[in-house]
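Listed below are the residues making up each chain.
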Amino acid sequence: QVQLVESGGGLVQAGGSLRLSCAASGGTFNSYAMGWFRQAPGKEREFVAVIDTDGSGTRYAAPVKGRFTISRDDAKKAAFLQMNSLKPEDTAVYYCAASRDSGRIYDYWGQGTQVTVSS
C-alpha cells in the first residue's frame, strides 16, 4: 500500500512556472510507475504525464508536451512535475498517482493540489 501527498501548487501568472512534488510512503516506490493527472472545474479528470518504474520512459498528454517534465527520485521516494510556460487552461487540481501495471491502471492517488494560472 502506498500513500501519496502532493504539494507545490499555487497561483501563478501565465507564462510562469511551478514545480509540483509528490511524496510517497509505504510500499516499494521503485516498483510503481508514477503519473500526474488533472481535473479542471466542470471537466473530467485527464491524464497529464507518466514515468515508468526505472525512469527511462515518459509519456505526456499533447497539451503539455514541450512545457511539462515529469521526473522521479527513488531515494527520496518522490515524483515531480515541472510545469513551464503555464497557460490559463492549465488551471486544475493536479493529482499524483501510482501504478503497479505500467500506467494502465492507477492503484493509489493523492488528495490533489490546486494550480491556478491567471491571465
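Up top you'll find the structure we're talking about.
Because the structure is predicted, anything quoted here is derived from the model rather than measured. (Residues numbered from 1 in each chain as written. Predicted model: local features only at pLDDT ≥ 70, side-chain atom pairs only at ≥ 80, totals over all residues. Heavy atoms only, no water.)

Visitor: Give me the lowdown on the overall build of the protein, citing residues and values where you can.
Guide: Each helix and strand counted, the protein has 0 helices and 11 strands in total. Dimensions of the protein, computed from C-alpha atoms along their principal axes, come out at roughly 40 × 25 × 25 Å. With 119 residues in all, the protein has 43% of them scored as buried. Here the contacts in the protein between residues at least 6 apart in sequence split such that 54% fall between residues at least 24 apart. Accessible surface computed for the protein: about 6100 Å², of which carbon and sulfur atoms make up 46%. When the 13 positive and 11 negative side-chain charges of the protein are each reduced to one mean point, those points stand 2 Å apart. (Helix = DSSP H or I, 4+ residues; strand = E, 2+ residues; numbered from the N terminus. Buried < 20%, exposed > 50% of the residue type's maximum accessible area, 1.4 Å probe, protein only. Contact = heavy atoms within 4.5 Å. Areas by Shrake-Rupley, 256 points an atom, 1.4 Å probe, with all protein chains shown as cover. Lys, Arg positive; Asp, Glu negative; His and termini not counted. Charge placed at Lys NZ, Arg CZ, Asp CG, Glu CD.)

Visitor: Give a detailed account of the sheet that holds strand S1 (residues 3-7), specifying residues and quantitative values.
Guide: Overall, antiparallel pairing links the 4 strands, which are arranged S1-S3-S8-S7 in an open sheet. Lying at the two open borders of the sheet, with one neighbouring strand each, are S1 and strand S7 (68-73). Direction aside, neighbouring strands of the sheet carry axes that sit 15° apart on average. Pairing of S1 with strand S3 (residues 18-25), which is carried by 5 bridges, proceeds in the antiparallel orientation. (Pairing = 2+ DSSP bridges. Axes fitted to C-alpha atoms, helices over the stretch in contact; angles between N-to-C directions.)

Visitor: Tell me about the packing of aromatic side chains, and name the residues and values.
Guide: What the rule picks out here adds up to 5 aromatic pairs. Pairing Tyr 32 with Tyr 108 gives two aromatic rings, centres 5.9 Å apart and planes at 75°, and the pair type is edge-to-face. Placement of Tyr 32 in the loop between S3 and strand S4 (33-39) and of Tyr 108 in strand S10 (residues 106-109) is noted, with a sequence separation of 76 residues between them. Assessed through its relative accessible area of 8%, Tyr 32 is described here as buried. Judged by relative accessible area, Tyr 108 falls into the buried class, the value being 17%. With 5.7 Å between their ring centres and 75° between their planes, Phe 37 and Phe 47 make a pair best called edge-to-face. (Phe/Tyr/Trp six-rings, centres within 6.5 Å; stacked < 30°, edge-to-face > 60°.)

Visitor: Run through the environment of Ser 119, naming residues and quoting values.
Guide: Along the polypeptide, Ser 119 turns up in the segment after strand S11 (113-118). As for Ser 119 and Leu 86, which are separated by 33 residues in sequence, their C-alpha atoms are 9.9 Å apart.

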